[in-house]
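Close look at the chain arrangement
Read off the chains here:
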Amino acid sequence: MGLIVVSGPRTGSTNLMYSLASSYSIPYIFEPDILTDFEYSNYKDNVVKYVPLADYNLDYYNRLIEIIKQFDVIILLDRKNKEEQSESFYSLKNYGTFYKKWGHQYIDKTSEQYKDILRDIKIQSEVLLKLSEDLNLEIDYYEDLFNNKTLTDITIGLDTKYLNNKYKLRQTTMTII
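Here goes a summary of the coordinates provided. (Residues numbered from 1 in each chain as written. Predicted model: local features only at pLDDT ≥ 70, side-chain atom pairs only at ≥ 80, totals over all residues. Heavy atoms only, no water.)

We now examine the nonpolar core. Membership of the largest hydrophobic core comes to 23 residues, with the highest contact counts inside it found for Ile4, Phe71 and Leu131. Elements represented by at least two residues in this core include exactly strand 1 (3-7), strand 3 (47-50), helix 2 (58-68), strand 4 (73-78) and helix 4 (112-135). Element by element, the count of residues in this core is highest for helix 2, at 6 residues. Those residues in contact with leucine 131, other than ones at most four positions away along the chain, are Val6, Tyr61, Leu64, Ile65, Ile68, Leu76 and Asn136. In terms of nonpolar packing, the next biggest core, distinct from the first, is built from 19 residues, Leu77, Ile156, Leu158 and Leu163 among them. (Core = buried A, V, L, I, M, F, W, Y, C linked by side-chain atoms within 4.5 Å. Buried < 20%, exposed > 50% of the residue type's maximum accessible area, 1.4 Å probe, protein only. Helix = DSSP H or I, 4+ residues; strand = E, 2+ residues; numbered from the N terminus. Contact = heavy atoms within 4.5 Å.)

What follows is the structure, encoded as structure tokens:
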């Protein structure tokens, strides 16, 4: 069974990918370049996580739809709070790795970089909304997934240990040693 998670950045999609892979006991593939070298046989029997480009054009979109439709299970994942999503992506770009804990004091919301990130995230959300309409699929949201520990399609199995708040990278309180 091939599963694909199509998501915006910083939406909990990596933990969702781990959760699905563990639940179905299949490997995962983290953000491959599926547009330039796609052969479904290389991706079936895997969980694939893909983040669409923030540069929407019709050729790109049509190719993306063509690829996504080949998967048995398609999950669209976004985040309701665009400001928090942008802050998280800003932190990733400026302060480290995918798994580094961070806090609010590191975010410069007046910078052009932050404004560009927020704009790009909104474009990616528009792509997800269009995918939702064209594929007749609901969008799952980070906030609901991590609060309810389930997807909109409750028949999709999850290993909920990966949906624990302890894996959140945003730290609202920092301990100074």
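Taken in spatial order, the 5 strands of this open sheet run 2-3-1-4-5, and their pairing is parallel. Both edges of this open sheet fall to strand 2 (28-30) and strand 5 (139-141), since each of them pairs with a single strand only. Strand-to-strand twist in this sheet, taken as the mean axis angle between neighbours without regard to direction, amounts to 25°. Looking at chain direction, strand 1 and strand 3 are connected through 4 bridges and run parallel. (Pairing = 2+ DSSP bridges. Axes fitted to C-alpha atoms, helices over the stretch in contact; angles between N-to-C directions.)

Moving on, we come to the pattern of salt bridges. In the structure shown here, the tally under the stated rule is 12 salt bridges. Put simply, lysine 82 and aspartate 78 hold a salt bridge, and the shortest N to O gap is 3.0 Å. Residue aspartate 78 is classed as buried on the basis of its relative accessible area of 4%. The network of salt bridges with shared partners includes Glu83, Glu87 and Lys109. (Salt bridge = Lys/Arg side-chain N within 4 Å of Asp/Glu carboxyl O.)

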